[in-house]
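Results of the structural survey
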Amino acid sequence: AAIVATTFMVNLRHALMSSALALPLKGVSRRFLALFAYGVTDESFAVNMSRFNSGNWDRLSALTLNQVTNATWFFSTVLVPVL
């Protein structure tokens, strides 16, 4: 129970990061937001927030960054133990 509770608490950060990134994405579809939120990593959150705050970043660039960093994390997790 302690492991499950701790894992839940640690992963709540993804809900907070997605909520913070929803502000610059106001008005986009729920489908886009779901795909966007799925790909949020700690690294993509930091880059996206920085770029959105500087004003020269669009939602397609942000989505691409999220999916590339998420795919990199996924494949690294799968491939590293095999090597």
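What counts, and at which threshold
- Residues numbered from 1 in each chain as written.
- Predicted model: local features only at pLDDT ≥ 70, side-chain atom pairs only at ≥ 80, totals over all residues.
- Heavy atoms only, no water.
- Axes fitted to C-alpha atoms, helices over the stretch in contact; angles between N-to-C directions.
- Helix = DSSP H or I, 4+ residues; strand = E, 2+ residues; numbered from the N terminus.
- Parallel < 35°, antiparallel > 145°, perpendicular 65-115°, else oblique.
- Contact = heavy atoms within 4.5 Å.
- Nonpolar A, V, L, I, M, F, W, Y, C, P; charged D, E, K, R; others polar.
- Patch = residues over 30% accessible without salt bridge, like charges linked within 9 Å, V, L, I, M, F, W, Y side chains within 5 Å.
- Areas by Shrake-Rupley, 256 points an atom, 1.4 Å probe, with all protein chains shown as cover.
- Salt bridge = Lys/Arg side-chain N within 4 Å of Asp/Glu carboxyl O.
- pLDDT = per-residue confidence, 0-100.
- Polar contact = N/O pair within 3.5 Å; in protein donor to acceptor, adjacent residues only side chain to side chain.
- Core = buried A, V, L, I, M, F, W, Y, C linked by side-chain atoms within 4.5 Å.
- Buried < 20%, exposed > 50% of the residue type's maximum accessible area, 1.4 Å probe, protein only.
- Phe/Tyr/Trp six-rings, centres within 6.5 Å; stacked < 30°, edge-to-face > 60°.
- Lys NZ or Arg CZ within 6 Å of the ring centre and 35° of its normal.

**A word on the packing of helix α2 (residues 30–38) against helix α4 (residues 59–82)**
- Close contact between α2 and α4 brings their axes to 8 Å; oriented N to C, the two are set at 40°. Taken together, the axes of α2 and α4 are oblique relative to one another. Contact residues: α2 offers Phe32, Leu35, Phe36 and Tyr38, while α4 offers Arg59, Ala62, Leu63, Asn66, Gln67 and Asn70.
- In terms of residue class, the contact of α2 with α4 is made up of 6 nonpolar, 3 polar and 1 charged.

**Notes on a nonpolar patch on the surface**
- A cluster of nonpolar side chains, Trp73, Phe74, Phe75, Val78, Leu79 and Leu83, forms an exposed patch at the surface whose accessible area comes to about 710 Å².
- Structurally, the position occupied by Phe75 is in helix α4.

**A closer look at the confidence of the model for the protein**
- Across the protein, the average pLDDT comes to 91, with 100% of residues at or above 70.
- The lowest-confidence element of the protein is α2, averaging 89 in pLDDT; the highest-confidence one is helix α3 (residues 42–54), averaging 94.

**Brief notes about the side chain of Asn48**
- Structurally, Asn48 can be placed in helix α3.
- Separated by 2.8 Å, the side chains of Asn48 and Asn66 make a polar contact.
- Asn48 has contacts with Leu21, Phe36, Trp57, Ala62, Leu65 and Asn66, leaving out every residue within four places of it along the chain.

**Observations regarding the nonpolar core**
- The biggest cluster of nonpolar side chains holds 10 residues, and these are Met17, Leu21, Leu25, Val28, Phe32, Phe36, Val40, Phe52, Ala62 and Leu63.
- Mapped onto this core, the elements with two or more residues apiece are α1 (2–22), α2 and α4.
- Setting aside anything within four residues of it in sequence, one finds Met17 in contact with Val40, Thr41, Asp42 and Phe45.

**Concerning the packing of aromatic side chains**
- One pass over the structure, following the stated rule, counts 2 aromatic pairs.
- Consider the rings of Phe32 and Phe36, whose centres lie 6.2 Å apart with planes at 20°: the pair is stacked. Here Phe36 and Phe32 lie together in helix α2, a separation of 4 residues that amounts to about one turn. The exposure classification of Phe32 matches that of Phe36, with both residues buried.
- The lysine or arginine in question, Arg59, covers the ring of Phe32, its NZ or CZ lying 5.2 Å from the ring centre.

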